Each structure stands twice: as C-alpha cells, then as structure tokens.
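Working through the structure, step by step
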Amino acid sequence: MKTIFGPVPSRRLGRSLGIDVIPPKTCTYDCIYCESGRTTNLTLEQQCGISIRQVLEELENFFDLHPDGADALTFSSAGEPTLYRDLGPLVLAIKEKFPSLPLVVLTNGSLLWKPEVRRGLLAADRIVPSLDAASEDVFRRVNRPHPDLDLSLIIEGIERLREEYPGSLHLEILLVANVNDHPEELEKISHLVKRIGPDKIELNTVVRPPAREKTRGLNAHQMARVAGFFPRGRTDVIGTFEGCREGGGDENLERRVLGLLMRRPCTLPEMAASLGAHRPDLHRVLSRLCRDAFLKRYVFNEREYYCLSERT
Ligand code: SF4
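Small disclaimer: the values here were computed from a predicted structure and weren't measured. Residue positions are counted from 1 within each chain, in the order its sequence is given. Where totals are concerned, whole chains, interfaces and linings use all residues; where local detail is concerned, this predicted model gives features only for residues with pLDDT of at least 70, and gives and counts side-chain atom pairs only at 80 or more.

Partly exposed residues are those whose C-beta has more than 12 but fewer than 20 other C-beta atoms within 10 Å; with 20 or more the residue is buried, with 12 or fewer it is exposed, and the C-beta atoms are placed from the backbone. Each helix is a run of DSSP H or I of at least 4 residues and each strand a run of E of at least 2, with the numbering of both proceeding from the N terminus. Buried within helix α4 (residues 136-143) are the following residues: Val-138, Phe-139, Val-142 and Asn-143. Projected onto a plane normal to the axis of α4, the buried residues spread over an arc of 105° and lie on a single side. Exposed residues on α4 whose side chains face more than 90 degrees from its buried face are Glu-136 and Asp-137. Residues of α4 that are buried make contact with α5 (151-164) and α6 (183-196). Note: the arc covers the axis-to-C-beta directions of the helix. The contact criterion used is a C-beta to C-beta distance within 7 Å, with each C-beta placed from the backbone.

Right, here's the structure in full:
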C-alpha cells in the first residue's frame, strides 16, 4: 500500500501532501456523507500494518524528486488515521525529518477519549477533529458509529485535547441537508463549540458523491445561515456547494461574496477588486442577497459597507 498521495490544493495550506496509513475502508464511523464509500471494516481496534520506515522513505523519495513539491503534510485517509497504533511515533519522526513543513492531522475525533491517542498528536502543527452532531440520535444518523462509541465520551475527548494541546485546533462540522442542519441541533453544536473553544470552526458540506446515495449537501444560502450560529471571525465555510453546479455565474459569485463577507464587512469596490468581478454583476448579486435578507448595508465613515445579516 502506497502511503502518500497528492499533493492536493488546499485553500489554507497551499499544496498539501496526503499521508494515509490506514487500509481502505477501515474506520470507527460509516458516515452517510463519506466520499470513500461504505465502511467495510467498522472497528475500534488500533492496528499497525505499515512501518514508520516505509512512510519516511516515501516522503524522502517524493522530496528527492520534487524538492519544493508541497507546502504542508496532512494525515487524511479513506479511514480514520488514529486507528494507526504508531501514529504518535510517526508524527514525531516526520516532524524531526521535515521540521519546516506544517503537519496537519484530520481525524473524526472518535478515539480522542484515549489519553495515548491525544498524546500521540501533540507534536502536530494542527489537529482538525470533526463534530457533526450534539445529540446522540443525530450522531448515529449522520456518522453511523461503531456501536460501542458514545457521543458524550467523544466530546469529552475533544475537550481534553483542547486543554492539553497548545497548537492550532480547528473543529470541522459537516452539514447534511435535513439531518444535522436544523436550528435546534445547530444551537446545541454551537453551545458545544463555545465549551471546546477551537481556534477555528470549518463548516463543510457534501460536495462529492456520498456513501449513502440520497445524502444531500447545503447550498450557499443555507451554509451562510448555518454560519450565523457560530462565532464570526473564527468560522470559515470551506465546502464548495452543490447548488453552484447548476447556478451559472451569478450563483458562483454569490457564494464568493458570502465567503468574503463571512470574514469582514466590505464595500462594493473592495469586493470588485478582491473577487475580480464586474461591478454590474456584483451589484445585481448584492441587491438580491439584500432583498432576501442574507446581507445588510450600513454606512460607516461615509462609506457603504455590506455585511452578513445576523443569523441569516
Ligand atoms: S470518519 Fe471520515 S473516513 Fe470515516 S466514514 Fe466518516 S467520512 Fe469516511
């Protein structure tokens, strides 16, 4: 099994070289939205099929051929990376060999209640656990976990990690239409987010064919509405929305406008410069978003700004 893949373009990390140490499709969850298909080995048993030496050799070979070939390294797989028993020593070995490259671990967070799993991640530069639900029933519907997993234990594990880990902790929340996007659940998730205190919240949705065929993602408007439940300035929408596929130019521009305004209020000229958009197109899109109450205008220092409406 080859353990590295990519690099894949990442908006925040640049070119991110993937590291996958888990055989497909071995996971503690069987998420309805999983892009890698149904989980065939639903397990909590940690394993060690790949040697640390093999991963280091593959990384060395890659960088021998492409000395400037990646901006970051990311543990990400068609399975759960914390099921790899030697993840801690591997993280340390990679940091020793490639100290200047940021090392990121994407995890579903389901094993963070184990102290040894948390300890193994401490040398990473960024950890991104997932938390798609705050209620046990929604958790079971969206993540279809191993029967021995318990949501309250998983939440406790993420909270413990936050206390122990001094690095950058991002929490990813993946939204599935009509499953975890209703206001009651979002309020509960938002409450948990406040308790955990991640550095960033990454909102994602279903953008590629999911494990369960009928699973649907949220469009740009719906994602903007969801973003209103989470702290502005620390929340990013990272998904590319399903709705954009059918919407043509204006819908794509809407998504980019909402993505920009999620970070800070802007004037129309600032948006035109930042997005490279024609002003008449931008004006049309902004008027529609204001009419539909997704945005509001206000004047500050004699300039007209646009910002997201409260809880759009
Ligand atoms: S946790 Fe990740 S790999 Fe596992 S089923 Fe869910 S999306 Fe797929």
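Following the structure, the description resumes.
Along the chain, Pro-24 connects to Lys-25 via a cis peptide bond; the corresponding omega equals -15°. Within the secondary structure layout, Lys-25 lies in the loop between β2 (14-19) and β3 (26-27). The phi dihedral of Arg-144 is positive, around 40°, even though this residue is not glycine. By the element assignment, Arg-144 lies in the loop between α4 and α5. Note on Arg-144: 19 C-beta atoms within 10 Å, which makes it partly exposed. One non-glycine residue, Asn-178, lies in positive phi territory at about 65°. If you trace the backbone, Asn-178 turns up in the loop between β8 (168-175) and α6.

Let us now look at the site of the ligand. Close to the ligand lie Cys-27, Tyr-29, Asp-30, Cys-31, Cys-34, Ser-36, Thr-39, Gly-79, Glu-80 and Asn-108, which account for all nearby residues. All amino acids are sorted into three groups, where Ala, Val, Leu, Ile, Met, Phe, Trp, Tyr, Cys and Pro are nonpolar, Asp, Glu, Lys and Arg are charged, and the leftover types, Gly among them, are polar. Along the lines of polarity and charge, the residues of the shell around the ligand split into 4 nonpolar, 4 polar and 2 charged. Any residue whose C-beta atom, as set from the backbone, lies within 6 Å of a molecule or strand is reported as near that molecule or strand.

Before going further, it helps to examine the environment of Thr-82. Structurally, the position occupied by Thr-82 is in the loop between β5 (72-75) and α2 (87-97). Exposure remark for Thr-82: the 26 C-beta atoms within 10 Å place this residue in the buried category. Along the sequence, Thr-82 and Arg-118 sit 36 residues apart, while their C-alpha atoms lie 9.2 Å from each other. Apart from residues no more than four positions distant in its own chain, Thr-82 is found in contact with Leu-87, Thr-107, Leu-111 and Val-117.

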